[in-house]
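So you can see what is in the structure, the chains are spelled out below.
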Amino acid sequence: DAGITQSPRHKVTETGTPVTLRCHQTENHRYMYWYRQDPGHGLRLIHYSYGVKDTDKGEVSDGYSVSRSKTEDFLLTLESATSSQTSVYFCAISESYPTGGSNQPQHFGDGTRLSIL
Amino acid sequence: SQQGEEDPQALSIQEGENATMSCSYKTSINNLQWYRQNSGRGLVHLILIRSNEREKHSGRLRVTLDTSKKSSSLLITASRAADTASYFCATPFKGSARQLTFGSGTQLTVLP
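Report on the accompanying structure.

1. Examining the overall build of chain B
Step number 1: Broken down by element type, chain B carries zero helices and eleven strands.
Step number 2: Helices (α) and strands (β) of chain B occur, in sequence order from the N terminus, as β-β-β-β-β-β-β-β-β-β-β.
Step number 3: Seen along its three principal axes, the alpha-carbon backbone of chain B occupies a region of about 40 × 30 × 20 Å.
Step number 4: Of all 112 residues assigned to chain B, the portion counted as buried reaches 47%.
Step number 5: Put simply, 54% of the contacts in chain B that link residues at least 6 apart link residues at least 24 apart.
Step number 6: Only carbon and sulfur atoms are counted for the fraction: they give 46% of the accessible area of chain B, which is about 5,300 Å².
Step number 7: Of the charged side chains in chain B, 13 are positive and 9 negative, and the gap between their average positions amounts to 9 Å.

See the structure below:
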């Protein structure tokens, strides 16, 4: 299994509080991703990183921010959590793709189940 | 904006039978991937097929890609109870090599 650790694995918090989820990898992969998974929506990309301090928005980035100060760590922050952000959050990593090449396989952590009351 | 959509949404079969699921997508792609997700776990990459390939095998898995019909199929032969999982196809998001977009998945149940 790819060395990906998500923390915490479960969290319950209240609306309006800040929440930070952490993804740690030991594979030295360049790309890191944050997804949310909700019934009926599959996986949706929130933000991704293509290097230290290099990040970009995904499909559902509103209400989320990310940071990557080290290759191995990618943080997802909900500045002021809302009930609509109750979800299961997955981190994924992938290697760089060759120039002009296709996507690389992504390797996923086991998720963080976040409940916002 | 899901690119790939799996069909059926749910499939239940007996152990030893073959399981087939399909994925349709909307725009041209240069690769398509299949993933498995066991309950309570993250997704696991199964296979990647490129647009210049029509078929690819990995163990009991066979994936086909028909770019003219914009569809792919995943066949699992001689299913086992351990194959019970959700299966997702993933395609490049708006042609990007950096991002994938996932379908909603097929829930496969293999009965012992």
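2. Describing the sheet that holds strand 8 (residues 73-78) of chain A
All names here are of chain A.
Step number 1: What the four strands build is an open sheet, ordered 1-3-8-7; its pairing is antiparallel. This sheet does not close on itself; its edge strands, each paired only once, are strand 1 (4-7) and strand 7 (64-70). Averaged over all neighbouring strand pairs, the angle between strand axes comes to 15°, with direction disregarded.
Step number 2: In the sheet, strand 3 (residues 19-25) pairs with strand 8 via six bridges, with the strands oriented antiparallel. Within strand 8, the residue paired with Val19 across the bridge is Leu78.

3. Notes on the state of the cysteines
Step number 1: What the rule picks out here adds up to two disulfides over all chains.
Step number 2: One disulfide in the model links A:Cys23 with A:Cys91; its S-S distance is 1.9 Å. The chirality of the disulfide connecting A:Cys23 with A:Cys91 is left-handed, given an S-S dihedral of about -70°. With a gap of 68 residues between them, A:Cys23 in strand 3 and A:Cys91 in strand 9 (residues 87-94) connect regions that are remote in the sequence. As far as burial versus exposure is concerned, A:Cys23 and A:Cys91 are alike and both buried.
Step number 3: Each sulfur of the disulfide joining B:Cys23 and B:Cys89 lies 2.1 Å from the other.

Procedures and definitions
- Residues numbered from 1 in each chain as written.
- Chains lettered and ligands numbered in written order.
- Predicted model: local features only at pLDDT ≥ 70, side-chain atom pairs only at ≥ 80, totals over all residues.
- Heavy atoms only, no water.
- Helix = DSSP H or I, 4+ residues; strand = E, 2+ residues; numbered from the N terminus.
- Buried < 20%, exposed > 50% of the residue type's maximum accessible area, 1.4 Å probe, protein only.
- Contact = heavy atoms within 4.5 Å.
- Areas by Shrake-Rupley, 256 points an atom, 1.4 Å probe, with all protein chains shown as cover.
- Lys, Arg positive; Asp, Glu negative; His and termini not counted.
- Charge placed at Lys NZ, Arg CZ, Asp CG, Glu CD.
- Pairing = 2+ DSSP bridges.
- Axes fitted to C-alpha atoms, helices over the stretch in contact; angles between N-to-C directions.
- Disulfide = S-S within 2.5 Å.

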